[in-house]
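Structure assessment
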Amino acid sequence: MNYIISPKAYSKIILHAHKYPFSPVNGIILGRLSSKDTVNIEDVIPLFHTHTLAPIFEIAMMQIEEYCNKSEDKLIIVGHYHANEILDDARLGMMTRRIAEKLQGEFTDACLIMVDNTKLSLHPKESALQLYTRKNGSNWEQSPSLRFSNASTLRLTEEDLQNEKWNKFVDFDLHLDNPSKSWLNAHLDL
Amino acid sequence: KQWYQRRVRGWVVSNKKEKEKKETNKHQTNQIEMSSSNPVDKVHQYAEKAKGGGWSAAKDLLRYLRHSRQRFPELVLKYGVPLVENYSSKLGNEFWEYFEMVLIAAFDCGDDELSEKYLEKIRKQFPGSLRVKKLEGMHLESQGKFSEAAQQYTAILKESPTDAFCMKRQISIFKAKGEFQTAVDLFNTYLQIFMADVEAWGELANLHLSMGNYKQAAVCYEELILSAPQNYLYYSKYAEIVYTIGGIDNFRLARKYFSHSLSLNDKTNTRSLMGLAACSYAIASHSHKESRNKDEGKDISGELFGFVQTRLEDIYSNAEGTEKTIFLGVLYKMSEIFFYVEK
């Protein structure tokens, strides 16, 4: 299965990580199955910059599912992304794995994307994302099958970083502190 | 809000994602302080003012960051460097405090060049000082030289064995290396001595959460609640943790704690409202499935859910169109379980 990520989704993940350099960050990946062997990752909904806890996570998931049902683009939940707190920590946390496994219950090719913190930079030269896939209840394994849909993705992300777009970036945690802020981040114009 | 926004300087975990260094008047300051915005928003307000220029606004920003103990090292560098380099006379006898604050921000941002330069200056000014030795330790940490940093702190602890700062730095080193269990053990030792250190309990709770030790994290929050029984945030977080552990008894416990949090603050406590909605729904689903305590599902949970729904509709009436539709749709679907139980 190939996974192709849009510039918008890539940028959002990177902005989320940049906004909260001292915390773990995570969120849900949205996209569609565009052919029998390709998943297109179109967008992400950033969730938390605290350790994920069940009640708010469940409510957030209900809202994301509702958003997908109502979306004109017919998006579905295709995975989960996570950035660890510690710079060189590449471990898959228990909660992270549990969430991704649960998503596989709804969409068998749901993936897990971990952010490689060591590759984060204000002048990105390479992708900072690592794809993990899981077949038939075995372990999550690294997979090389993640590509950019657009060759200019890194350059576009660099522009977003230079424009300090993380200042206006809103995740679900931030939305809860201030419900007038929108976790859809349409105002960022990515 | 305060619990996760407050960063104690002693708890700087130096390993973090890379960020390169980037390039009023009294009446207005008081307005920001007195406003009811949350601490993070206040920081941004102070930063806006500082953008307008002037040493005074820069000083106000740094002062607020220090008092509210929030971690925005990039702002400290951006406005603090010009402040300490060009306006030292204006800072008077507070100069070295601001200087130290900028130095620590340089460590936090991984700006080696600035760190070396400022550290040298502070060494010359205070030769042999214990405080400077601690800064040397933090410098080593920021460079990733953890063994040397640990040795530095051990040496200081030999001279002053009850130095809390150095103990906390040692714990941070283990956390930064990813050796969480060791960090937890050291934490427990530390807390036996300094059991009133509220921020330490909070940090230990976070460490347990990152390890998936929900029961131990809950214990930490019990201590926090005991230390500040009027703080609505602790009850809310405790409820979230016990709900995560799961099971009908914990859903009921979480329901109590979310409710208590709301009784302390029902104006800006959306988290607890959502948490209470989740609890009511979980309990009602459970009751409905097991045909036990049907009345509970109908009466208490139903009433609480109704209360929550009204409040949330109120809050979201000001929200942007899409989110409002989504959220109200979700609430409506959830509320159906209560209609079903009533039948």
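Right, let's walk through the structure included here. If you're wondering where the values come from, they're calculated on a predicted model, not measured in any experiment.

**Remarks on the overall build of chain B**
Scanning chain B from N- to C-terminus turns up 19 helices and zero strands. By the burial criterion, 54% of the 343 residues in chain B qualify as buried. With an accessible surface of roughly 16,100 Å², chain B has 50% of that area assigned to carbon and sulfur atoms.

**Considering the pairing of strand 6 (residues 129-133) of chain A**
All names here are of chain A. Of all five residues making up strand 6, four are buried, and the element is well covered by its neighbours. For strand 6 and strand 7 (residues 141-143), the ladder comprises three bridges, and the chain directions are antiparallel. Opposite Y132, over in strand 7, you have Q142 as the bridge partner.

**With respect to the interface of chain A and chain B**
At the junction of the two partners, chain A supplies 49 residues and chain B supplies 51 residues. Both sides together, the interface formed by chain A and chain B hides about 4,500 Å², and carbon and sulfur atoms give 61% of it. Counting the contacts that link chain A with chain B gives four salt bridges. With its nearest N and O atoms 2.6 Å apart, the salt bridge here joins K333(B) to E66(A). Here chain A and chain B share twelve residue pairs in polar contact (both at pLDDT 80 or more) between them. If you tally residues by element for the side of chain A that touches chain B, the top one is helix 2 (residues 54-70) of chain A, at nine residues. Classifying every residue of the side of chain A that touches chain B gives 24 nonpolar, 14 polar and eleven charged.

**Points about unusual backbone geometry**
All names here are of chain A. Positive phi values are uncommon outside glycine, yet K74 reaches one of about 55°. Along the polypeptide, K74 turns up in the loop between helix 2 and strand 4 (76-83). Not every positive phi belongs to a glycine, and N185 is a case in point at roughly 55°. As for its position among the elements, N185 is in the segment after helix 5 (172-177). For N185, a relative accessible area of 3% translates into the label buried.

**Considering the packing of aromatic side chains**
All chains considered together, the criterion is met by 15 aromatic pairs over all chains. With 5.9 Å between their ring centres and 55° between their planes, F172(A) and W183(A) make a pair best called tilted. Of the two residues, F172(A) sits in helix 5 while W183(A) sits in the segment after helix 5, which places them eleven residues apart along the sequence. Here the two residues F172(A) and W183(A) agree in accessibility, since each one is buried. Between W96(B) and F126(B), the ring centres sit 5.4 Å apart and the planes meet at 80°, which makes this aromatic pair edge-to-face. With W96(B) in helix 7 (residues 95-109) and F126(B) in the loop between helix 8 (112-125) and helix 9 (130-142), this residue pair connects regions lying 30 residues apart in the sequence. Judged by relative accessible area, which is 23%, W96(B) ranks as partly exposed. By the ring-pair criterion, three or more aromatic residues cluster together here, those being F95(B), W96(B), F99(B), Y118(B) and F126(B).

**A few points about the pattern of salt bridges**
Residue and element names in this part refer to chain B. Scanning the model with the defined rule gives 33 salt bridges over all chains in all. E94 is the salt-bridge partner of K59, the closest N and O atoms lying 3.7 Å from each other. Placement of the pair is K59 in helix 4 (residues 55-68) and E94 in the loop between helix 6 (88-91) and helix 7, with a sequence separation of 35 residues. One salt bridge connects D197 with K168, and the closest N-O pair in it is separated by 3.4 Å. With D197 in the loop between helix 12 (180-193) and helix 13 (198-211) and K168 in helix 11 (residues 164-176), the pair connects residues that are 29 residues apart, well separated along the chain. For D197, a relative accessible area of 13% puts it in the buried group. Through salt bridges with shared partners, one network takes in E120, R123, K124 and E136.

**Brief notes about the packing of helix 10 (residues 146-159) of chain B against helix 11 of chain B**
Residues and elements named next belong to chain B. Two elements in contact, helix 10 and helix 11, have axes separated by 9 Å at closest approach and are oriented at 160°. Judged on the interaxial angle alone, helix 11 and helix 10 are roughly antiparallel. Handedness of the crossing formed by helix 10 with helix 11: left-handed. In this structure, helix 10 uses F146, A149, A150, Y153, T154, I156 and L157 to contact helix 11, whose residues at the interface are F165, C166, M167, R169, Q170, I173 and A176. Counted by class, the contact of helix 10 with helix 11 contains eleven nonpolar, two polar and one charged residues.

**Re helix 15 (residues 232-245) of chain B**
Residues that lie three or four places apart on an α-helix share one face, since the helix turns once every 3.6 residues. Residues and elements named next belong to chain B. For helix 15, spanning 14 residues, the distance from its first C-alpha to its last is 21 Å, which sits close to the expected 20 Å at 1.5 Å a residue. The element helix 15 is largely enclosed, with a buried count of 13 among its 14 residues. Put simply, N231 is the residue that caps the front of helix 15, since its side-chain oxygen is 2.9 Å from the backbone nitrogen of L233. Once helix 15 ends, the next one or two residues include G246, with phi positive near 95°.

**So, the environment of P82(B)**
All names here are of chain B. Within the secondary structure, P82 sits in helix 5 (residues 73-86). Residues P82 and G54, spaced 28 residues apart in sequence, show a C-alpha to C-alpha distance of 10.0 Å. Residues in contact with P82, not counting those within four places in the same chain, are L77 and Y87.

**Digging into the sheet that holds strand 4 of chain A**
Residues and elements named next belong to chain A. In space, the eight strands of this open sheet follow the order 7-6-5-4-2-3-1-8, with mixed pairing throughout. The sheet is open, and its two edges are formed by strand 7 and strand 8 (146-148), each paired on a single side. Averaged over all pairs of adjacent strands, the angle between their axes in this sheet comes to 35°, without regard to strand direction. As paired elements, strand 1 (residues 2-5) and strand 3 (residues 38-48) share four bridges and run parallel to each other. For I4, the partnering residue across the bridge sits in strand 3 and is N40.

**Quick word on the pairing of strand 4 of chain A**
Residue and element names in this part refer to chain A. Of all the eight residues making up strand 4, seven are buried; the element is thus mostly covered by neighbouring parts of the structure. Direction of pairing for strand 2 (residues 25-35) relative to strand 4: antiparallel, over a ladder of seven bridges. Directly across from L30, in strand 4, lies its bridge partner I77. Taking the sense of rotation as the criterion, the β-α-β connection linking strand 4, helix 3 (residues 94-106) and strand 5 (residues 111-115) turns out right-handed.

Here is what the cut-offs are and how they apply
Residues numbered from 1 in each chain as written. Chains lettered and ligands numbered in written order. Predicted model: local features only at pLDDT ≥ 70, side-chain atom pairs only at ≥ 80, totals over all residues. Heavy atoms only, no water. Helix = DSSP H or I, 4+ residues; strand = E, 2+ residues; numbered from the N terminus. Buried < 20%, exposed > 50% of the residue type's maximum accessible area, 1.4 Å probe, protein only. Areas by Shrake-Rupley, 256 points an atom, 1.4 Å probe, with all protein chains shown as cover. Pairing = 2+ DSSP bridges. Contact = heavy atoms within 4.5 Å. Buried area = accessible area lost by both parts, 1.4 Å probe. Salt bridge = Lys/Arg side-chain N within 4 Å of Asp/Glu carboxyl O. Polar contact = N/O pair within 3.5 Å; in protein donor to acceptor, adjacent residues only side chain to side chain. Nonpolar A, V, L, I, M, F, W, Y, C, P; charged D, E, K, R; others polar. Phe/Tyr/Trp six-rings, centres within 6.5 Å; stacked < 30°, edge-to-face > 60°. Axes fitted to C-alpha atoms, helices over the stretch in contact; angles between N-to-C directions. Parallel < 35°, antiparallel > 145°, perpendicular 65-115°, else oblique. Left-handed = near helix turned anticlockwise from the far one by under 90°. Expected span 1.5 Å × (residues − 1). Right-handed = clockwise from strand over helix to strand, strands pointing away.

Nothing here speaks to function; it is geometry throughout.
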